[in-house]
Amino acid sequence: MRLFFFLLIFLTLYSGLHLYGFLKARIAFSLGVPTAVPLAVFMGIMVFAPIIVHQLQRLGFESIARFFAHIGYIWMGILFLFFSASLVCDIYRLVMYFSGLILQRDLSTITLSPQQLFSISILLSLIIAVYGFFEANNIRTEYVTIRTPKIPAHLNRLKIVQVSDIHIGLIVGEGRLKRILKQVQTADPDILVSTGDLVDGEIDNLPGLALMMRQITPRFGKFAITGNHEFYAGLDRALDFTEKAGFTMLRGQGLTVSGLVNIAGIDDPAGQSQGLHKGVAEEELLSRLPGEKFTVLLKHRPQVDKNAASLFDLQLSGHVHRGQIFPFTLITKLSYPHVHGLYDLRDNAHLYVSRGSGTWGPPIRFLSPPEVTVIELVHGG
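Cut-offs used in this document
- Residues numbered from 1 in each chain as written.
- Predicted model: local features only at pLDDT ≥ 70, side-chain atom pairs only at ≥ 80, totals over all residues.
- Heavy atoms only, no water.
- Helix = DSSP H or I, 4+ residues; strand = E, 2+ residues; numbered from the N terminus.
- Rg over C-alpha atoms; globule rule 2.2 N^0.38 Å.
- Buried < 20%, exposed > 50% of the residue type's maximum accessible area, 1.4 Å probe, protein only.
- Contact = heavy atoms within 4.5 Å.
- Phe/Tyr/Trp six-rings, centres within 6.5 Å; stacked < 30°, edge-to-face > 60°.
- Lys NZ or Arg CZ within 6 Å of the ring centre and 35° of its normal.

S.K.: Give a detailed account of the overall build of the protein chain, specifying residues and quantitative values.
M.R.: Counting its secondary structure elements, the protein chain contains 11 helices and 12 strands. For a compact globule of 381 residues, the expected C-alpha radius of gyration is about 21 Å, and the protein chain comes in at 23 Å, within 12% of that figure. Based on the C-alpha atoms only, the size of the protein chain along its principal axes is roughly 75 × 55 × 40 Å. Residue burial in the protein chain is summarised as follows: out of 381 residues, 52% are buried. Of the contacts made within the protein chain by residues no fewer than 6 positions apart, 74% connect residues no fewer than 24 positions apart.

S.K.: If you had to explain the packing of aromatic side chains to someone new, which residues and values would you point to?
M.R.: One pass over the structure, following the stated rule, counts 10 aromatic pairs. On the basis of an interplanar angle of 75° and a centroid distance of 5.7 Å, the ring pair of Phe 80 and Phe 328 is categorised as edge-to-face. With Phe 80 in helix 4 (residues 62–103) and Phe 328 in helix 11 (residues 328–335), this pair connects stretches of sequence that are 248 residues apart. Phe 80 gets classed as buried once you look at its relative accessible area, which sits at 16%. Judged by relative accessible area, which is 34%, Phe 328 ranks as partly exposed. Ring-pair connections join several aromatic residues into one group, and the members of that group are Phe 29, Phe 82 and Phe 118. A cation sits over an aromatic face here: Lys 222 above Phe 247, 4.9 Å from the ring centre.

S.K.: Describe the side chain of Thr 332, and please don't skip the residues or the numbers.
M.R.: Here Thr 332 lies in helix 11. Residue Thr 332 is classed as buried on the basis of its relative accessible area, which comes to 10%. Once you skip the residues sitting within four places of it in the chain, Thr 332 turns out to touch Val 320, Gly 323 and Val 339.

Geometry only, nothing functional implied.
In structure tokens:
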């Protein structure tokens, strides 16, 4: 039922974006029926593109699904960018209109026509989309250092590498995964963690990609948790892929790794609607672990449980992609105050939120490059 309402809300909002774009084009260029009808049909197909892609994949037409996914999701990114740019242009026109009324002056010489504003918006959208396509492939390594007396002196430092929100599927495939894994190998982690959404909603015929990830063998192991997309993809298939990739799944579980650090992980709440969520209170889970060890909590969504904040030293999260395409960052901040980077919490605890290593939907990122995160835990005060 929750998935139904999500789809209903998504289709309503996405249809609204298309209607806005259609009306802008029609007003700007005075489109007649011969031009308006094909445009309306194209936009109607694009509204349902994500559902069409899912059905094509389910029926086994993977090549067609991949081709249609690239068209549909790139269009989604361009449309969002167009809406954002056009909204700024609309504000400009309103400012000019009310300024003319207040000043009682004719400002038509500095007021752009609807056609000019539409052209500026679409051109700006296309330029940003092209730039964003390359930015999505420019994976950066972010470094974080945390000093703590809980790391044994004989070890001196422990290196944890975090990947998050790779979204392996029709869009993020072998090429992108190779670039991500190259960054991971260069970092030479002691521990590798995946904080959810390793896979996307379409994960059939991907055994080769799991084997690629399996070749990464940190000396103290690899650990993963579910994100919301593990449940969308089909939990059994997602777990099978993750385990074949060499990860130990932590679903409401915690353990002490080689007597050095505690690592605990919880399920994403998306599984609750399907009855697949292994619900366990974070406070209860973390209280079972030895408190003298440095404790890492893997939690997909960057939300801090105030009852558990004193029981972990570092929470690693992802999910929000830092908005992925600016200005969507401003919208994500309404739901998640912590959208990227390292945050200091109470009782010397920390939260790190990854921008994500891949992309969801449009293979575009703007002002939010993908990352692989290297966290060094260093013995010290």
